[in-house]
2 protein chains.
Amino acid sequence: MIKMKQATINDVARIAGVSKRTVSRVLNGSLSVGENTRTKIQNVINDLKYSPNTQARGLASSRSYLLGLIYDNPDALYLDDVQRGVLEVCSNLGYELVVHPCRYKSETLVQDCLRFISRSKLDGIIVLPPVSELEDLAQALRDSGRAYVRLSSVALDDAKHIVVSDDRAASAEMARYFAQLGHEHIAFITGPQAYKSSIERMEGFKLGLSAYGIKLRSDWIVEGNNSYEKGIECARQLLLASERPTAIYANNDQMAAGVLKVAHELGIQVPQQLSVAGFDDNMLASRVIPSLTTIRRPVRQMALLATTKMIMSIENNDKGAENVAAKVAPTLVVRESTAKLT
Amino acid sequence: MIKMKQATINDVARIAGVSKRTVSRVLNGSLSVGENTRTKIQNVINDLKYSPNTQARGLASSRSYLLGLIYDNPDALYLDDVQRGVLEVCSNLGYELVVHPCRYKSETLVQDCLRFISRSKLDGIIVLPPVSELEDLAQALRDSGRAYVRLSSVALDDAKHIVVSDDRAASAEMARYFAQLGHEHIAFITGPQAYKSSIERMEGFKLGLSAYGIKLRSDWIVEGNNSYEKGIECARQLLLASERPTAIYANNDQMAAGVLKVAHELGIQVPQQLSVAGFDDNMLASRVIPSLTTIRRPVRQMALLATTKMIMSIENNDKGAENVAAKVAPTLVVRESTAKLT
DNA sequence: TTGTAGGCGTTATCAG
DNA sequence: CTGATAACGCCTACAA
């Protein structure tokens, strides 16, 4: 197998009998090229299977055609969805995706990310929650002068820099659903208090309940951390108390699974004696027995919106970037773990 | 915030009072540089916080410092592990990771991947199973002249191009474990027959059982496809038959979860009346009730080995690449879903 | 041990 | 509408 040298813009220019400046023009879709010359050049490009060298292009235009994805993601559940979503939008436009896993709690997170983006000369950066909530990082991104979009549950940035999932509204819907099932003795297991999403979900839930005149007892709000183990711990606390709630809403599916585990241990029937719900609709939700009522975020769509937004920013279409939808609505998914109070 | 232009090699050279050729030398760790000049230059580099421009460097040396990750990954479970593993090794060496999700079944898979690697000028490519098993792709990678490493359950390439997880041995261990629990009426739900891993796991299981004089009845080998739904379907077939196995080993955890679901529906107690085991040790395994006995692959370690191997190849240390371990051993994880036959 | 000069493949300036 | 020509930042024969 002989390795052919890739054709260059010079080859194209030579064979087409024009200057490379003109080839460059058609490459970048300049309007000021004669129709004839354009098609002629286009043909040569096709014949040679020529495709521009990204590095050279980047060197000359100080762009890399590289997008970065910064995530922490202890659960690692949406990662594939996000990556596919981003690439679905950017791949055809010639961009690739460089990933940067990191740790939310790391001391060096910001400088770490900065090194990443400057070293790779990224054209744009997408940041997933909860890292996206760090203002230090956001400021650093702004200072870097690069395009960026944050995914979050709160609108903590300008329209062109954010895509928010309305966790609050979704939680309110869960509250409504619980209330309509007749539940009044309801408990909530929170997420880490440092995360905006935790606050949103709790507030939304409270709000939704209050519409039905139901108030969350303070001792039925227990602080979790989104882990399965902590879910178990919190569930024990709730279910072993003298008075027991008839429904538990956990900040995520992991913890909800923990609740199911404890209920099972204690011989409490779900959903007959206890309704349980989570948030995320991750793989657990549908596989666990009984399957979990939960809330699903349109992850893929968020990735699509974020990427679209970002590419518009990169290509100096700020107006466009602002106009791409910045908010998506998660939806309630009812399964077996919740039922009417009997 | 004023955006300073990044310092270039010229700045360093000028300030250090040497030619840029010399700076280049210290950058690339050439030995033929005087100790004085070296430290002098190094100081300037530190002062200026200079770091070489990857694009320019790539353009000149035809390297990109980019590694690619090709995966299909319907389960998306190890993705984060793999990505972190790869970066753990390559990040300090100046490489970044570009991801390329794809579809095993896609007609255009190979050309698609080729476009990816040539467009990004990747220095090396890591391919995850089952895509890694496609010989077409492998051949294309070889032809491309680039470094690559495949992860698989079979040694289908030279030592320097592969890291294999010994699924066969692991399955044999599972067989041994089953046999020691006293099971003889054992069923196996296979994975897609097109995947090597499916074959390895089945063969290993048969082999392990035969050591105990147990033979898998052909009607107790049912063909699954690694999905939860199919697991349910296969479990029904097995558990509704006139004669029922006392143990079921599924090719992965998803299907094993399906078995648990059906057992639950049919009122069959696991593990008292039926032992169930899976493969992967994904999140489901530990969260499901009862938790699943399964097999865990050292995913992170595989990623580390593969990356180490690949970087050695890239840097022309073929001998080294061959000598990095090419095989890892998955381990049996015993949980609640299996028990002694009573 | 160090420096000179040319090239890598594009983009972009500025004339024509 | 088109074409020389100079960057872009770094590497590398080839010299000295």
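Residues numbered from 1 in each chain as written. Chains lettered and ligands numbered in written order. Predicted model: local features only at pLDDT ≥ 70, side-chain atom pairs only at ≥ 80, totals over all residues. Heavy atoms only, no water.

Within the structure shown, the criterion is met by 16 aromatic pairs over all chains. With 5.3 Å between their ring centres and 40 degrees between their planes, Y65 of chain B and Y95 of chain B make a pair best called tilted. Pair noted here: Y65 of chain B is in the loop between α4 (54-61) and β1 (66-71) and Y95 of chain B is in the loop between α5 (79-90) and β2 (96-101), with a separation of 30 residues, a long-range link. The burial state of Y65 of chain B is the same as that of Y95 of chain B; both residues are buried. Taken together through their ring pairs, the aromatic side chains of Y177, F178, F188, F205 and Y249 of chain A make up a single cluster. Just above the ring of F279 of chain A sits the side chain of R201 of chain A; from NZ or CZ to the centre is 3.7 Å. (Phe/Tyr/Trp six-rings, centres within 6.5 Å; stacked < 30°, edge-to-face > 60°. Helix = DSSP H or I, 4+ residues; strand = E, 2+ residues; numbered from the N terminus. Buried < 20%, exposed > 50% of the residue type's maximum accessible area, 1.4 Å probe, protein only. Lys NZ or Arg CZ within 6 Å of the ring centre and 35° of its normal.)

Residues and elements named next belong to chain B. Axis separation between helix α6 (residues 109-119) and helix α7 (residues 135-144) bottoms out at 10 Å; the angle between their running directions is 30 degrees. As the angle between them shows, α6 and α7 are arranged roughly parallel. Of the two possible hands of crossing, α6 and α7 adopt the one that is right-handed. Counting all contacts with α6, which are made through V110, C113, L114 and I117, the residues of α7 involved are D136, L137, A140, L141 and S144. Its residues assigned to classes, the contact of α6 with α7 comprises seven nonpolar, one polar and one charged. (Axes fitted to C-alpha atoms, helices over the stretch in contact; angles between N-to-C directions. Parallel < 35°, antiparallel > 145°, perpendicular 65-115°, else oblique. Left-handed = near helix turned anticlockwise from the far one by under 90°. Contact = heavy atoms within 4.5 Å. Nonpolar A, V, L, I, M, F, W, Y, C, P; charged D, E, K, R; others polar.)

The strands making up a sheet associate through backbone hydrogen bonding, with each pair oriented either parallel or antiparallel. Residues and elements named next belong to chain B. If you walk across this open sheet you meet the four strands as β7-β6-β8-β9, and the pairing is parallel. Each of the sheet's edge strands pairs with one partner strand only, and the pair in question is β7 (221-223) and β9 (275-277). Across the sheet, the axes of successive neighbouring strands diverge by a mean angle of 15 degrees, strand direction being ignored. Pairing of strand β6 (residues 186-190) with strand β8 (residues 247-250), which is carried by four bridges, proceeds in the parallel orientation. Residue pairing across strands places I186 opposite A247, the latter belonging to β8. Taken strand by strand, helix α9 (residues 196-210) contacts β6, β7 and β8, and its axis lies near 165 degrees from that of β6. (Pairing = 2+ DSSP bridges.)

Moving on: the relation of the copies chain A and chain B. Rotating chain A by 180 degrees and moving it 0.1 Å along the rotation axis overlays it on chain B with an RMSD of 0.2 Å. Those values place the two copies in the arrangement expected of a two-fold rotation axis. Minimal C-alpha distance to the rotation axis in chain A is attained by V98 of chain A, lying at 2.2 Å. With an isologous cut-off of 70% or more, the 100% of interface residues of chain A that recur at the interface of chain B puts this contact in the isologous class. (Least-squares fit on C-alpha atoms with pLDDT ≥ 70 in both.)

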